[in-house]
Amino acid sequence: MSERSILGKFARRDILKWSAVAGAAAAGTTLLSGTVAFAAEDGSLKGKRIGISTAGTDHFFDLQAYNAQIEEVKRLGGEPIAVDAGRNDGKLVSQLQTLIAQKPDAIVQLLGTLTVIDPWLKKAREAGIPVLTIDVGSTNSLNNSTSDNWGIGKDLALQLVSDIGGEGNIVVFNGFYGVTPCAIRYDQLVNVVKYFPKVQIIQPELRDVIPNTVQDAFAQVTAILNKYPEKGSIKAIWSAWDIPQLGATQALVAAGRTEVKTYGVDGSPEVLQLVADPNSPAAADVAQQPAELGRTAIRNVASLLAGETLPRETYVPAAS
């Protein structure tokens, strides 16, 4: 199939529609065996204490997934022991140590850099505490609830390449490769772009940060626009999540460079509003279902504690 025919398959902004279809097709399957995972909707956690650990709650996705876990544990009759590290790795490690010492019936870890959290997930497992995760690719997790990040990454990359006509310079934020979903989405972008030799990723890549993500992305994009002042010299800006996309979009508007389009993932309300505006540089944002991911992880805890065998991965479809 030629580049032209590939590009012709994808209409601008359709990602919000067809990524949901791709995610739904993968929902409930495991990468290792293809087994369908059935969450324990009516499972009980009565008398159970469930540790809920998160890297932070400053992002829409994180907060939705975190709160949904707490609510689901309570709904199923259990006691949540919830801790929020506030994007501080030292605090995250300390809180995991405290959770392990409290010996809950299970621990669910939401996000986090794998090199930071994995040694402590291993210690929890060695202490006999079942570990489940959300968006963490750890061998110490019995089950990881996640979106189909392979599909999301591929679809978003194809949308971007289609929108720029298969050629031009693109700016990429790549600051969190140690976070499993970000790494997968980035790898999928690179895999797609290598088949379009006229698309070039500007080097060095930008590094998104936490906290002050929006302000930092605004400053970095403003600086790179000054290096590439001619219209057409940059075609698009990509990020693995959508808070850098928000800052990038604001920088483009401020600089009068709305011909450059931005792309991201998560479905934060403020970004989806920008995508819905035809005059905005925000071209596409794949919306995940963070609350459903949180609920799914807790239902899987209930299934596990009831003696059921869980698949390695449980996929929750992206939402349109």
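So, a few notes on the structure that sits alongside this text. (Residues numbered from 1 in each chain as written. Predicted model: local features only at pLDDT ≥ 70, side-chain atom pairs only at ≥ 80, totals over all residues. Heavy atoms only, no water.)

Time to look at the overall build of the protein. Across its full length, the protein holds eleven helices and eleven strands. Across the 320 residues of the protein, 56% fall into the buried class. Intrachain contacts of the protein at a sequence separation of at least 6 include 74% that bridge at least 24 residues. Carbon and sulfur atoms provide 53% of the accessible area of the protein, an area that totals close to 13,200 Å². (Helix = DSSP H or I, 4+ residues; strand = E, 2+ residues; numbered from the N terminus. Buried < 20%, exposed > 50% of the residue type's maximum accessible area, 1.4 Å probe, protein only. Contact = heavy atoms within 4.5 Å. Areas by Shrake-Rupley, 256 points an atom, 1.4 Å probe, with all protein chains shown as cover.)

Next up on the list: the layout of surface pockets. Taken as a whole, the largest pocket holds about 380 Å³ of empty space. Surrounding the largest pocket, 22 residues form its lining, Arg87, Leu111, Phe176, Val179 and Ile210 being those nearest its centre. For the lining of the largest pocket, the elements supplying multiple residues, two or more each, are helix H3 (60-75), helix H4 (89-102) and helix H7 (180-193). Tallying contributions element by element places H7 first for the lining of the largest pocket, with three residues. Of the residues assigned to the lining of the largest pocket, the class counts are eleven nonpolar, five polar and six charged. (1 Å grid on protein atoms, 1.4 Å probe; cavity = no way out; pocket = protein on both sides within 12 Å on 5 of 7 lines; lining within 4 Å. Points joined across faces, edges and corners; volume = space filled by probe spheres on them. Nonpolar A, V, L, I, M, F, W, Y, C, P; charged D, E, K, R; others polar.)

Bringing the side chain of serine 268 into the picture now. Along the chain, serine 268 turns up in the loop between strand S9 (261-266) and helix H10 (269-276). The exposure class of serine 268 is buried, given its relative accessible area of 0%. Among the polar contacts made by the side chain of serine 268, one reaches the side chain of histidine 59 at a distance of 3.3 Å. (Polar contact = N/O pair within 3.5 Å; in protein donor to acceptor, adjacent residues only side chain to side chain.)

Ranked by size, the top nonpolar core spans 56 residues in total, and within it Leu45, Ile170, Leu189, Trp238 and Tyr263 carry the most contacts. No other element matches the six residues that helix H6 (residues 149-163) contributes to this core. With residues near it in sequence (within four places) discarded, leucine 45 still touches Ile50, Val73, Leu76, Gly77, Gly78, Ile298, Val301, Ala302 and Leu305. Listed in part, the 18 residues of the second largest apolar core include Leu92, Val116, Ala124 and Ile129. (Core = buried A, V, L, I, M, F, W, Y, C linked by side-chain atoms within 4.5 Å.)

It is worth spelling out empty space enclosed by the protein at this point. Per the stated rule, a full pass over the model turns up one cavity of 30 Å³ or more. Around the largest cavity, the lining residues are Phe173, Asn174, Gly175, Phe176, Cys182, Tyr186, Asp208, Trp238 and Ala240. In the lining of the largest cavity, the residues fall into six nonpolar, two polar and one charged.

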